[in-house]
Each structure stands twice: as structure tokens, then as C-alpha cells.
Amino acid sequence: MSTTPDFDFLTPNDKPALLGLSNPELLEAARGALEQLGYKVHVAINHGEFIHKFSQAPYQVVVLEETFSCMTPEENESIAFLQRLSMQMRRHAVIILFGYELATFNPMQAFQKGVHAVVNPSEMFLLTQLIQKAVSENDLFLHTYREAQTKLA
């Protein structure tokens, strides 16, 4: 069963975040950090729900675990879904991937996985700052693109 209501409406002032985490400690730490930063948090309990929710709302932050709803990273349908999307489709979200074999904020590992940032769960005590850093770097990187897009609209 989902931990968010079925009819959790988003308003223009909301900062939506989507979590795909199987580990209860990681889930609570990520939820707490995002709520502390002012995000409206939605939780997916399996790949189908994750893909459905991601397709329905422009999430600003997405936090995924490498072994979300699976045994190995290769079986993770949610990561595969995100990796297949065009950049146009996922540019609105900062995607953060948790993995025990990953080095926190290693740009090459993030690039390999097709995400914005990777985090080793051993550094969860810094999660609020790590999320802020990932979002800030993404905003800085895409500032000119978003400004041009706003002018065209």
C-alpha cells in the first residue's frame, strides 16, 4: 500500500519530490531531509507506481535506491525507465541514486547511471546538504536553458 494519499494534489507553489526506496531507514531519512527542505514528498512502493507517478507530475527531485523493489541494480526497472527517457522528458527533475557500491558525488558514476548525483548510504547524515548541493548544481547548469525556455513560452 502506498504511503501517500491517492489524491495528493500538487499546487503551483509545491516542490514535489518522488522517492523509490525499499530500505526503511533510507526512506525515512530521505523523506525527513526533503520535508525539511520544503518538498512535498510522494513515495512509490514498486516500479509500476514509480513510473506512473513520475509520468504524471513534474517532480523536482527524485531519489532512487539501486535495489529499489529488486535484488540487483540490473533488475531495477525504475532506473531503466529513467535512462530510456529523453533529456527533454527528465530535465525537470534532479535524480539522485543511492547505492552501497557508489562513491558520493562521483561525477563519472553519476554519468554512467544517467543520474545527476550518486550517494553512498553511509553518508546519510549529510543527506539534507547533499540534496541541496545536487539541486543547486543542476539549477546553475540549466539556468540558461530554462531562461531561454521561459522567454520562448
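Presented here is a report on the structure given in the accompanying data block. Note that this is a predicted model, so its numbers are computed, not measured. (Residues numbered from 1 in each chain as written. Predicted model: local features only at pLDDT ≥ 70, side-chain atom pairs only at ≥ 80, totals over all residues. Heavy atoms only, no water.)

Topic: the layout of surface pockets
In step 1: Taken as a whole, the largest pocket spans an internal volume of roughly 440 Å³.
In step 2: For the lining of the largest pocket, the secondary structure elements donating two or more residues are helix H4 (87–90), helix H5 (107–113) and helix H6 (127–152). (1 Å grid on protein atoms, 1.4 Å probe; cavity = no way out; pocket = protein on both sides within 12 Å on 5 of 7 lines; lining within 4 Å. Points joined across faces, edges and corners; volume = space filled by probe spheres on them. Helix = DSSP H or I, 4+ residues; strand = E, 2+ residues; numbered from the N terminus.)

Quick word on the side chain of Glu66
In step 1: Looking at the element boundaries, Glu66 is found in the loop between strand S3 (61–65) and helix H3 (77–84).
In step 2: Accessibility expressed as a relative area gives 7% for Glu66, which makes it buried.
In step 3: Within polar-contact distance, the side chain of Glu66 engages the side chain of Lys113 at 3.0 Å.
In step 4: Discounting chain neighbours no more than four positions away, the residues touching Glu66 are Thr72, Pro73, Asn76, Ile79, Leu97, Phe98, Gly99, Tyr100, Leu102 and Lys113. (Buried < 20%, exposed > 50% of the residue type's maximum accessible area, 1.4 Å probe, protein only. Polar contact = N/O pair within 3.5 Å; in protein donor to acceptor, adjacent residues only side chain to side chain. Contact = heavy atoms within 4.5 Å.)

Here we look at the sheet that holds strand S1 (residues 16–20)
In step 1: In space, the 5 strands of this open sheet follow the order S2-S1-S3-S4-S5, with parallel pairing throughout. A strand with exactly one partner marks an edge of an open sheet, and here the two such strands are strand S2 (40–43) and strand S5 (117–119). Between one strand axis and the next, the sheet turns through 20° on average, direction left out of account.
In step 2: Strands in contact with H3 are S3 and strand S4 (94–98); relative to S3, the strand with the most contacts, it is inclined by about 135°. (Pairing = 2+ DSSP bridges. Axes fitted to C-alpha atoms, helices over the stretch in contact; angles between N-to-C directions.)

Concerning the pairing of S1
As a general feature of sheets, a regular strand has side chains that alternate between the two faces.
In step 1: Extensive coverage of S1 is indicated by the burial of 5 of its 5 residues.
In step 2: Burial of the side chains of S1 extends over both faces: Pro16, Leu18 and Gly20 are buried on one face and Ala17 and Leu19 on the other.
In step 3: Pairing of S1 with S2 involves 4 bridges; the strand directions are parallel. The residue of S2 that forms the bridge with Leu18 is His42.
In step 4: The handedness of the S1 to S2 crossover, carried by helix H1 (residues 24–36), is right-handed.
In step 5: One ladder, built from 4 bridges, connects S1 with S3; its direction is parallel. In the strand pairing of S3, Leu19 is matched with Val63. (Right-handed = clockwise from strand over helix to strand, strands pointing away.)

A short note on the pairing of S4
In step 1: Most of S4 sits inside the fold, with 5 of its 5 residues counted as buried.
In step 2: The pairing of S3 with S4 spans 5 bridges and is classified as parallel. Counterpart to Val61 in the pairing with S4 is Val94.
In step 3: Bridge count between S4 and S5: 3 bridges; the pairing is parallel. For Leu97, the partnering residue across the bridge sits in S5 and is Val118.
In step 4: Note on the crossover from S4 through H5 to S5: the handedness is right-handed.

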